[in-house]
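Working through the structure, step by step
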Amino acid sequence: MENIAFIGLGNMGGPMAVNLLNKGFKVSAFDLSADALAKVAAAGGRAASSAADAAKDAHVVISMLPAGKHVAGLYLGDYGLFARLPKGTLVIDCSTIDAGTARKVAEGAQEKGLSMLDAPVSGGTAGATAGTLTFIVGGAAEDLARARPALEAMGKNIFHAGGAGAGQTAKICNNMLLGILMAGTAEALALGVKNGLDPKVLSEIISKSSGRNWATELYNPWPGVMDNTPASRGYAGGFMSELMLKDLGLAEETALQSHAANPLGALARNLYEEHVHQGNGKLDFSSIVKHFHSVD
Ligand code: NAD
């Protein structure tokens, strides 16, 4: 079994690293946050003192970082990991970042004789914890074949979207739709509540009618409607609104570059911009319901 270095142990990376440990992989982990590192160490991972220390003796490096600048900073440049990884190391970036940066990092890997996949995920923190994530992969088929055992330890569905960067493009299309449907679901529930409906009853009706979607089935934005959702624990954990705003921005940039129309994505980005600006950036993205109705 290959030794794995795991960099970035936040809401997603932490449980993903724990699943690798549970499936018998040796994991050396690093995060700037001591708390995040301690959780993975408690599950049996080696707590490394830096990313370079984590990558020592690793055959595979996995990263799960907030945005493109963190990924480029980790791998590229004189002090980046690519300058010190042995040839043949497989690098898998699971962060959601812009396809341009993903391609630039993949080129940097190729120059050093390394293999690189962009492998952003879908499924949220619940999927990360349960090991049921969907991986949306860009890169060479033979590198994906090599990555499969590790990806299967953390996820259930693995899609090969195309060459370098294609995983990120597909992920951004998905997340633009997710931002739109979450804002739309919040708006519909708020309309019902303002007109005297019980949010739980309305959610049950929608989830068995033509308006049903991922939010009404699994991730209801209204507090108390569903157990175990961020909405029912003060919007803590989950997928932060500031990360959704980042993804909607990536979708908008992609639309501009490719001359695609994205009026609904742009509207959702504006809603999240205001929401984050009002101090909700660290709350789960389903908290967009606060934009339509008071839920405190
Ligand atoms: P997070 O902020 O909880 O975790 C990011 C972690 O990276 C933090 O613990 C931070 O300390 C660490 N970090 C930042 N820079 C670092 C560096 N240079 N070296 C080491 N550690 C560093 O974010 P998250 O929710 O885990 O999301 C991570 C990525 O996954 C993002 O790109 C996000 O868009 C994507 N994503 C998140 C979800 C979700 O539901 N949370 C779902 C799918 C995809």
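Residues numbered from 1 in each chain as written. Predicted model: local features only at pLDDT ≥ 70, side-chain atom pairs only at ≥ 80, totals over all residues. Heavy atoms only, no water.

Short version of the rule: UniProt positions are given in the numbering used here, feature names are shortened, and annotations may be inferred rather than shown by experiment.
Per an unreviewed UniProt entry, the protein carries the name 3-hydroxyisobutyrate dehydrogenase and comes from Chromobacterium vaccinii. UniProt, in its Sequence similarities (unreviewed entry) section for the protein, records the words "Belongs to the HIBADH-related family." A UniProt comment under Pathway (unreviewed entry) is attached to the protein, and it reads "Amino-acid degradation; L-valine degradation."

Regarding the site of the ligand
Put simply, the test is: If even one non-hydrogen atom of a residue comes within 4 Å of a molecule or strand, that residue is called near it. The term polar contact refers here to a pair of N or O atoms within 3.5 Å; inside protein, the definition further demands a hydrogen-donor-capable atom paired with an acceptor-capable atom, and it admits residues adjacent in sequence only when both atoms are side-chain atoms. Each accessible area value is a Shrake-Rupley result obtained with a 1.4 Å probe; residue values ignore everything except the protein chains displayed when judging cover. Numbered from the N terminus, helices here are DSSP runs of H or I no shorter than four residues, and strands are runs of E no shorter than two. Polar here means any residue other than Ala, Val, Leu, Ile, Met, Phe, Trp, Tyr, Cys and Pro, which are nonpolar, and Asp, Glu, Lys and Arg, which are charged; Gly is therefore polar. All the domain ranges listed were derived from an automatic or database domain assignment.
The ligand sits among 23 residues. The nearest are Asn 11, Met 12, Asp 31, Leu 65 and Pro 66. For the ligand, an oxygen atom lies 2.9 Å from a polar atom in the backbone of Met 12. Between the ligand and Pro 66 there is a distance of 2.9 Å, counted from an oxygen atom to a backbone nitrogen or oxygen. In isolation the ligand has 830 Å² of accessible area, and contact with the protein removes 87% of it. Within the residue set of the shell around the ligand, elements represented by two or more residues are helix H6 (124–130) and helix H11 (241–257). Tallied by class, the residues present in the shell around the ligand amount to 11 nonpolar, nine polar and three charged. Counting contributing residues per domain, the shell around the ligand is built from domain 1 (4–163) and domain 2 (169–291), each supplying no fewer than three.

Observations regarding the packing of aromatic side chains
Just so we agree on the cut-off: When two rings of Phe, Tyr or Trp (its six-membered ring) have centres within 6.5 Å they constitute a pair, described as stacked for plane angles under 30 degrees, edge-to-face for angles over 60, and tilted for the intermediate range.
All told, the structure shown has four aromatic pairs when counted by the stated rule. Between Phe 239 and Phe 285, the ring centres sit 5.5 Å apart and the planes meet at 70°, which makes this aromatic pair edge-to-face. Highlighted residues: Phe 239 in the loop between helix H10 (214–218) and H11 and Phe 285 in the segment after helix H12 (263–280), separated in sequence by 46 residues. The structure contains a cluster of three or more aromatic residues connected by ring pairs, namely Trp 214, Tyr 219, Phe 239 and Phe 285.

Section: the UniProt feature "domain: 3-hydroxyisobutyrate dehydrogenase-like NAD-binding" (unreviewed entry) in the protein
If you check UniProt for "domain: 3-hydroxyisobutyrate dehydrogenase-like NAD-binding" (unreviewed entry), the listed places come out as residues 165–291 in our numbering. Between the C-alpha atoms that bound residues 165–291 there is a distance of 34 Å. The span itself is 61% helix and 0% strand.

Brief notes about the pattern of salt bridges
Put simply, the rule is: Should a side-chain nitrogen of Lys or Arg be within 4 Å of a carboxyl oxygen of Asp or Glu, the pair is scored as a salt bridge. Using a 1.4 Å probe on the protein chains alone, a residue whose accessible area is under 20% of its type maximum counts as buried, one over 50% counts as exposed, and one in between counts as partly exposed.
This model, assessed by the stated rule, comprises eight salt bridges. One salt bridge in this structure joins Asp 53 and Lys 56, with 3.2 Å as the shortest N-O distance. Classification of Asp 53 by relative accessible area gives buried; the value is 14%. The exposure class assigned to Lys 56 is partly exposed, which follows from its relative accessible area of 48%. For Glu 273, the salt bridge identified is with Arg 269, shortest N-O distance 2.9 Å. Of this pair, Glu 273 and Arg 269 both sit in helix H12, four residues apart, which is roughly one turn of that helix. Since its relative accessible area comes to 33%, Glu 273 is described here as partly exposed.

Notes on the pairing of strand S2 (residues 27–30)
Using the following cut-off: DSSP bridges decide pairing: two strands pair if at least two such bridges lie between them.
The side-chain alternation of S2 yields two buried faces, one formed by Val 27 and Ala 29 and the other by Ser 28 and Phe 30. Pairing of strand S1 (residues 4–7) with S2 involves four bridges; the strand directions are parallel. Following the sheet pairing, Ile 4 is matched in S2 by Val 27. Sheet analysis places S2 next to strand S3 (residues 46–47), joined by two bridges and oriented parallel. Looking across to S3, one finds that Ser 28 is bridged to Arg 46.

Focus on the nonpolar core
Put simply, the test is: Note on terminology: a nonpolar core comprises buried Ala, Val, Leu, Ile, Met, Phe, Trp, Tyr and Cys residues joined through side-chain atoms within 4.5 Å.
Membership of the largest hydrophobic core comes to 34 residues, with the highest contact counts inside it found for Phe 6, Met 16, Leu 20, Ile 92 and Phe 135. For this core, the elements supplying multiple residues, two or more each, are S1, helix H1 (13–22), S2, helix H2 (34–42), strand S4 (60–63), strand S5 (90–93), strand S8 (133–138) and helix H7 (141–154). Looking at this core, the element that brings in the most residues is H7, giving six residues. Membership of the second largest hydrophobic core comes to 26 residues, among which are Ala 183, Met 244, Leu 245 and Ile 288.

A short note on the domain arrangement of the protein
Our working rule: Contact criterion: two residues are considered in contact whenever any of their non-hydrogen atoms come within 4.5 Å of each other. Once two parts are put together, the accessible area they lose, assessed with a 1.4 Å probe and summed over both, is termed the buried area.
Domain annotation of the protein identifies domain 1 (4–163) and domain 2 (169–291). Between the C-alpha centres of domain 1 and domain 2 the distance comes to 27 Å. Taken together, the contact between domain 1 and domain 2 spans 13 residues of the former and 10 residues of the latter. Roughly 930 Å² is buried in total at the junction of domain 1 and domain 2, and carbon and sulfur atoms are behind 61% of that figure.

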